[in-house]
Amino acid sequence: MEKEEKKFVNKTEEDEMEIYGYDLCRWKLVLVTVGVICSGGFLLLLLYWMPQWRVKATCKRTTLKDCEVVLLRTTDEFKIWFCAKVRLMPSLGAKPLQNLNPIVHKVSNGHAVHFCEPAAEENKNDLKKYLPVSKPAIRYFTHHSVKYFWNDSLQSFDVVRGLDESTFCSSIHNEHSRGLTKGMHDYRKAFYGVNEIAVKVPSIFKLLIKEVLNPFYIFQLFSVILWITDEYHYYALAIVIMSVISIVSSLYTIRKQYVMLHDMVAAHSIVRVSVCRGNQEIEEILSTDLVPGDIMLIPSNGTIMPCDAVLLSGTCIVNESMLTGESVPVTKINLPNPSEYPKAMGDEIYSPEVHKRHTLFCGTNVIQTRFYTGELVKALVVRTGFSTAKGQLVRSILYPKPTDFKLYRDAYLFLLSLVVVAGIGFLYTVVNSILNEVPAHTIIIESLDIITITVPPALPAAMTAGIVYAQRRLKKLGIFCISPQRINICGQLNLVCFDKTGTLTEDGLDLWGIQRVENARFLLPEERACSESLLKSEFVACMATCHSLTKIEGVLSGDPLDLKMFEAIGWILEEATEEETALHNRIMPTVVRPSKQLFPESKQATNQDMELFELSTSYEIGIVRQFPFSSVLQRMCVIARVLGEKRMDAYMKGAPEVIASLCKQETVPVDFECVLEEYTKQGFRVIALAHRKLESKLTWHKVQTINRDAIESNMDFMGLIIMQNKLKQETPAVLEDLHKANIRTVMVTGDNMLTAISVARDCGMILPQDKVIIAEALPPKDGQAARINWHYADTLAKCTSSSPAINSEDIPVKLVHESLEDHQMTKYHFAMNGKSFAVILEHFQDLVPKLVLHGTVFARMAPDQKTQLVEALQNVDYYVGMCGDGANDCGALKRAHGGISLSELEASVASPFTSRTPSIACVPKLIREGRAALITSFCVFKFMALYSIIQYISVTLLYSILSNLGDFQFLFIDLAIILVVVFTMSLNPAWKELVARRPPSGLISGPLLCSVLSQIIICLAFQTFGFFWVKQQSWYEPWTTESDACNILDATNTSTARDGNETLHDEHYIKNYENTTLFFISSFQYLIVAIVFSEGKPFRQPCYKNFLFVLSVIVLYVFIFFIMLHPVESIDTFLELVCVPYEWRLRILVIVVLNAVVSVLTEEAVDRCGVCFLSSLFGCRKKTPKAKYMHLAQELLVDPEWPPKPRTTTEAKVPSQENGSYQIITVT
């Protein structure tokens, strides 16, 4: 086969994969079958674990066009392999969206069969008969719930797209608005399949098989079989019980998560919907039958959307909390048709993200619809199943990206090193046994047994214990975790990104006041907008009409900002009923009017004057048309008419800079920018208002079709609304704790940049003395290269008495600079908005690491930009936490190492952690528990490694004299000592405060390895010393059933001198002086290293506060001391111990005490001096930090060009120039 060029699927996307084609090979299958039989099924297991080996072992390479199996490999850092079987599907066409003109199928007898649409049920057999002859079937495979079809033009497989890509807005109205014929619908359904987000809950049996085939459980099975063969039944039974408990709990957790996810998506899975067919007939079908191109009718009483659809006519009020986390109803309007007014607006490609104001997303709840009589509320289905926004969210939960953490990588290396040690012991045992002419059966069992001793089967269960306890403690703190493995990673967090609104600050806004403009001059700020003098002013009329509020079951609902603004003027909103709308043959306008209490005359009016009064005060405004708020345009606009007036008015509100640019310049005050800057510096949220009288020729019908650009120009600037967003009470203290703990904080918000900078200063994220550099990036334009203008923001102005901003004296912003890794890192901060961030990512890639190293405020950030920022921070080796209220933070919460959602809504299902209370106080709590869990993992790993090595040393020494530990000795050590100690030493709670240093991230670190190796050497030395010293004793002789060492030296111990079973033959030669000596020494060594490795401060509470651990260790110490110094015959018999002179027992005690002292002192020395020693030993490497951000910080310290000087510009170089990608030009 000629070499095929490398092909990709999902090119340039997050889930990009390489793809290779293979065909089944019969002779390879035969060889593999033979190998499986010869290896007793082990080869089959190996091929099950390694998909790439399985495919390469049973198939041969071929082209993708002809392959039967595809092999996929992700292009990210994990390089994970998958395989999928290629299937065939008969079809009349190659593309799902092509028009099915009459297709002529020629058959062998010369007749022609015409198909205008796929055959009905009775003709399906005929269709199957003709298809293979006339048209080749389409090839496809399924991977992670997505179908990939063969694309001839690409010569590769590709995802079938819906109408959300490469479809123009004009064609949506002109080509797709008539609906599909039944035949076209059936044809498309063959490609798109059933419209459902199928989260199949696997059967218990399937989950069990998958869980049991885990390499860890296979190794346990091997160990258990070996122990049973060796008649070591009790520990085998204990391990089986532990494994069963572990498997059952794991199955319960996995199945519970599947059920939760299934229940979450099941709400919209199957509903009945009405669709328009091509012949204008309305047909009722199941939502599972919907395909892209169907025209769905939205019922007036609302529904849960079963797909993504674009609104073609009418208006919908939708609750999108499932996607955004915000339970605020959103108004969706129909997609404008560019072909109706081509001059006003250009045609553009439809995108659900860009046109989200016109898109109804799957899983969202349509509460109400409004419509013209005779014209139903219609929506065009654009995406179905897993292609929808909700489907993609569910896929990201079903198939999460693997967690890359140094601890887990190092754990495998550590296990590998234990396997190497086991291999050495294996060879030693085989050679030693052969030399001593041991039977082959015994050699096999003992040599394999050394492997199960060195690699402890209980290790994973022991490692999991600490995480389970931490998860339980987090639950008590109100923090719920759906990804327990992330708890350890949270212990490494050194940077946390915070959303602003609802996270750092209160969720709602309060109206502080208004500042009107008259004759292009600002008037004094006014506290109330509902005064009598302003009642009929255009300023109040704008506040009353320019919003997206609606009544749901009689309650005013909508954006919190709009609600506060409307409530501040005390007006009433009335919506037309369906009957009124039907009567007038059009959508009746929403009417707003002041409440009667606002009229001063109302209090004095008499009954007879009431009628005249009502006529004179009937001041009402009807909202004729609404242009909803757009985050891209940063404004909203309405057209309204005062009752009785002939001409209509246009009112606009939005970002002050944007509104001012759309107003007549002569109406904008000269000091507009200065006034705005003063407010934003003090942390206010400022909204500008504008007004325009429309021409009298603009009729109601013209207004309904006019483009918003024609309205939103030549406005009169009316003034500012000043809103106040208070800091949450706990915010400054939490951020101070994080700064003291050397954890960077970053603000990522959708709000105004100056407001964000002000909040950052107020909460202590930016210190008063620190400089703030604003990076304003501009894209290439008119032949000019992209550039960044650098401005230095002024220091925070002190609040005046009239300012409501939080007094900075009340906020603890004093931070401990000495604890930071680099003093210079707090001297200046970068701030930028989303547009600048996008330009920098595209044109200034080399600058990105430098900017994120010092970037503190990122304003006006879109949801995908928040995710890109998290990735940019991770690229310079930060461990990133993300804390948001669930609103638009889903992507960043998933991508961060530790995502904490402050919302309990469905959106939080994508976040590893969810806090029951919407407070950032959960962040330090989570980090503390993460650090405690991480240290616990290290302690347990070190202890289990030492347990293996101690037992390995004992067994290896005993093998040299053809002896071994007895079954009940093994059982006592493994159950009574190891399991009890492991499961209690993990109970230490987290330390009460965060400290400046972090725990190590991996097992392969200098101090940790030094600690483990030093303890191994100590244990080896003392065991070897005891093993050889016992042979030097005057009473020593190779033990036999006749031996009586106790009676030789001490007649008082005759009661325990004789062995209870001296008449029995000791087949395995367990009973001997060396065995008894090593059993006592090693038993104490397990307890010694347990205490030595039980670290407390500064990450965990001291071990003496762990009551169960202390109690367990004391009981075990007392018991072992007791049976050593005062032997009991029944216990000695049970543990197969022999009687040794009392003098030797005291000498063992001396060995144990010396061992304990040396171990404790050595660990203390390693803790205090180990780092210094290793640094001096490897001094040449000391200056190069491992983390990229620290390395970069050191470089920037000596860079004279960084940070950029004020009023300078950085220009992107022409791409053809290779040296660097930017240059700094000083603007004079």
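Calculation criteria
- Along each chain, residues carry numbers from 1 onward, in the same order as the chain's sequence is written.
- Thresholds applied to this predicted model are a pLDDT of at least 70 for local features of residues and 80 or more for the giving and counting of side-chain atom pairs; totals over whole chains, interfaces and linings are not thresholded and use all residues.
- Computation of side-chain values: all heavy atoms of the structure, hydrogens and water removed.
- Helix numbering and strand numbering both begin at the N terminus, where a helix is a DSSP run of H or I of at least 4 residues and a strand a DSSP run of E of at least 2.
- Throughout, exposure labels follow a simple rule: accessible area from a 1.4 Å probe, protein chains only, divided by the maximum for the residue type, with under 20% read as buried, over 50% as exposed, and the rest as partly exposed.
- The contact definition used throughout considers only heavy atoms, calling two residues in contact when any of these lie within 4.5 Å.
- Accessible surface is estimated by sampling points in the Shrake-Rupley manner with a 1.4 Å probe; for residues, cover comes only from the protein chains shown.
- For this analysis, a ring pair means two rings from Phe, Tyr or Trp (six-membered ring only for Trp) whose centres lie within 6.5 Å, classed as stacked if their planes differ by under 30 degrees, edge-to-face if by over 60, and tilted for the remaining angles.
- Note on criteria: charge over ring means Lys NZ or Arg CZ within 6 Å of the ring centre, with the direction from the centre no more than 35 degrees off the ring normal.
- The rule for pairing is simple: two strands pair if DSSP sees at least two bridges between them.
- The axes used here are C-alpha line fits, helices contributing only the stretch in contact, and every angle between their N-to-C directions lies in the interval 0 to 180 degrees.
- Roughly parallel means an angle under 35 degrees; roughly antiparallel means over 145; roughly perpendicular covers 65 to 115; every other angle is labelled oblique.
- Left-handed is the label given to a crossing in which the near helix is rotated counterclockwise from the far helix by less than a right angle, and right-handed is the label when the rotation is clockwise.
- In this count, Pro and Cys sit with the nonpolar residues alongside Ala, Val, Leu, Ile, Met, Phe, Trp and Tyr, while Asp, Glu, Lys and Arg are called charged and the others, Gly among them, polar.
- When a carboxyl oxygen of Asp or Glu is within 4 Å of a side-chain nitrogen of Lys or Arg, the pair counts as a salt bridge.
- What the arc covers is the set of directions going from the helix axis to the C-beta atoms.
- Each residue carries a pLDDT score, the predictor's own confidence in it, on a scale running from 0 to 100.

## Considering the overall build of the protein chain
Here is step 1 of the chain: Within the protein chain, the regular secondary structure consists of 38 helices and 44 strands.
Here is step 2 of the chain: When the 1228 residues of the protein chain are sorted by exposure, 53% land in the buried category.
Here is step 3 of the chain: Considering only residue pairs separated by 6 or more positions, the protein chain has 74% of its internal contacts joining residues 24 or more positions apart.
Here is step 4 of the chain: Total accessible area on the protein chain is roughly 56,800 Å²; 57% of this is exposed by carbon and sulfur atoms.

## Here we look at the packing of aromatic side chains
Here is step 1 of the chain: In the structure shown here, the tally under the stated rule is 32 aromatic pairs.
Here is step 2 of the chain: Ring centres of F672 and F717 lie 5.4 Å apart, and the angle between their planes is 80°; this geometry places the pair in the edge-to-face category. Of this pair, F672 sits in helix 21 (residues 672–681) while F717 sits in strand 34 (residues 716–724); the two residues are 45 residues apart in sequence, bridging distant segments of the chain. When sorted by exposure, F672 lands in the same class as F717, which is buried.
Here is step 3 of the chain: The interplanar angle of 80° and the centroid separation of 6.2 Å between the aromatic rings of W790 and W1202 together place this pair among those described as edge-to-face. Within this pair, whereas W790 is found in strand 37 (residues 787–793), its partner W1202 is found in the loop between helix 38 (1188–1197) and strand 43 (1208–1212), the two being separated by 412 residues in sequence. By the burial criterion, W790 is buried, and W1202 matches it.
Here is step 4 of the chain: Sitting over the ring of F8, K11 keeps its end group 3.9 Å from the ring centre.
Here is step 5 of the chain: Over the ring of Y140 we find K147, and its NZ or CZ is 5.2 Å from the ring centre.

## Let's talk about the pairing of strand 38 (residues 828–833)
Here is step 1 of the chain: Most of strand 38 sits out of view: five of its six residues are buried.
Here is step 2 of the chain: Sheet topology places strand 36 (residues 771–778) next to strand 38; four bridges connect them, and they run parallel. What sits directly across from K771, in strand 38, is Y828.
Here is step 3 of the chain: Here strand 38 pairs with strand 39 (residues 855–859) via four bridges, running parallel. Counterpart to A831 in the pairing with strand 39 is V857.

## Quick look at the packing of helix 16 (residues 538–545) against helix 17 (residues 560–569)
Here is step 1 of the chain: It is the contact of helix 16 with helix 17, at a shortest axis distance of 8 Å, that shows an interaxial angle of 135°. Between helix 16 and helix 17, the crossing angle belongs to the class labelled oblique. Both helix 16 and helix 17 take part in a crossing whose hand is left-handed. Along its contact with helix 16, which presents V540, M543 and A544, the element helix 17 presents M565, F566 and I569.
Here is step 2 of the chain: Grouping the constituent residues of the contact of helix 16 with helix 17 by class yields six nonpolar, no polar and no charged.

## A short note on the pattern of salt bridges
Here is step 1 of the chain: The full count for this structure, using the stated rule, is 26 salt bridges.
Here is step 2 of the chain: A salt bridge links R277 to D294, with the nearest nitrogen and oxygen atoms 3.1 Å apart. Of the two residues, R277 sits in the loop between strand 12 (272–276) and strand 13 (282–286) while D294 sits in the loop between strand 13 and strand 14 (295–297), which places them 17 residues apart along the sequence.
Here is step 3 of the chain: By relative accessible area, D294 is classed as buried at 0%.

## Some points on the sheet that holds strand 20 (residues 365–370)
Remark on secondary structure: sheet strands pair via backbone hydrogen bonds, oriented parallel or antiparallel.
Here is step 1 of the chain: On the basis of which strands lie adjacent, the open sheet formed by four strands has the order 15-20-17-18 and antiparallel pairing. Sheet topology places strand 15 (303–304) and strand 18 (329–333) at the edges, where each strand pairs with a single neighbour.
Here is step 2 of the chain: Here strand 17 (residues 315–319) pairs with strand 18 via five bridges, running antiparallel. Of the residues in strand 18, the one forming a bridge with V318 is V330.

## Digging into helix 38
Every α-helix winds through 3.6 residues per turn, so residues three or four apart in the chain are directed the same way.
Here is step 1 of the chain: By the burial criterion, the buried members of helix 38 are Y1189, L1192, A1193 and L1196. The buried side chains of helix 38 occupy one side of the element, clustering within an arc of 105° when seen end-on.
Here is step 2 of the chain: Contacts made by the buried residues of helix 38 are with helix 27 (848–854).

## Some thoughts on the sheet that holds strand 11 (residues 156–159)
Here is step 1 of the chain: The strand order 6-9-10-11 describes an open sheet built from four strands, whose pairing is antiparallel. The strands lining the two open edges of the sheet, one partner per strand, are strand 6 (87–89) and strand 11. On average, each strand axis in the sheet is tilted by 40° relative to the strand beside it, whichever way the strands run.
Here is step 2 of the chain: Here four bridges tie strand 9 (residues 138–143) to strand 10 (residues 146–151), and the two strands are oriented antiparallel to one another. Counted as the bridge partner of T142 is K147 from strand 10.

## Quick look at the environment of K827
Here is step 1 of the chain: Structurally, the position occupied by K827 is in the loop between strand 37 and strand 38.
Here is step 2 of the chain: Given the relative accessible area of 46%, K827 is considered partly exposed.
Here is step 3 of the chain: Those residues within four positions of K827 in sequence are excluded, and the remaining contacts are D770 and K771.

## Overview of unusual backbone geometry
Here is step 1 of the chain: With an omega dihedral of 5°, the bond running from W1202 to P1203 counts as a cis peptide bond.
Here is step 2 of the chain: Structurally, P1203 can be placed in the loop between helix 38 and strand 43.
Here is step 3 of the chain: Backbone geometry at H144 places phi at a positive 50°, although glycine is not the residue there.
Here is step 4 of the chain: Checked against the element boundaries, H144 lands in the loop between strand 9 and strand 10.
Here is step 5 of the chain: In the Ramachandran plot, A520 falls in the positive-phi region, its phi being about 60° despite a non-glycine side chain.
Here is step 6 of the chain: Looking at the secondary structure, you find A520 in the loop between strand 24 (510–518) and strand 25 (521–522).

## Notes on the environment of L556
Here is step 1 of the chain: Summarising the element assignment, L556 is placed in strand 27 (residues 555–557).
Here is step 2 of the chain: For the pair formed by L556 and E574, sequence separation is 18 residues and the distance between their alpha carbons is 9.8 Å.
Here is step 3 of the chain: If we ignore the near neighbours within four places in the chain, the residues touching L556 are L549, T550, K551, L563, F566 and L573.

## Regarding the confidence of the model for the protein chain
Here is step 1 of the chain: Of the residues in the protein chain, 82% reach a pLDDT of 70 or more, and the chain-wide mean stands at 78.
Here is step 2 of the chain: Within the protein chain, strand 23 (residues 495–498) carries the highest mean pLDDT (92), whereas strand 8 (residues 112–115) carries the lowest (37).
Here is step 3 of the chain: Contacts from residues 1049–1065, a stretch scored under 50 in pLDDT, to residues over four places away or in other chains number 21 contacts.
Here is step 4 of the chain: Predicted confidence for residues 1178–1183 stays below pLDDT 50, and this span has two contacts to residues more than four positions away or in other chains.

## Here's the deal with the pairing of strand 43
Here is step 1 of the chain: With respect to burial, strand 43 is a largely interior element, five of its five residues being buried.
Here is step 2 of the chain: Of the two faces of strand 43, the one holding T1208, T1210 and A1212 and the one holding T1209 and E1211 are both buried throughout.
Here is step 3 of the chain: In this sheet, strand 43 lies alongside strand 37 in antiparallel orientation, the contact comprising four bridges. Across the sheet, residue R787 finds its bridge partner in strand 43, namely E1211.

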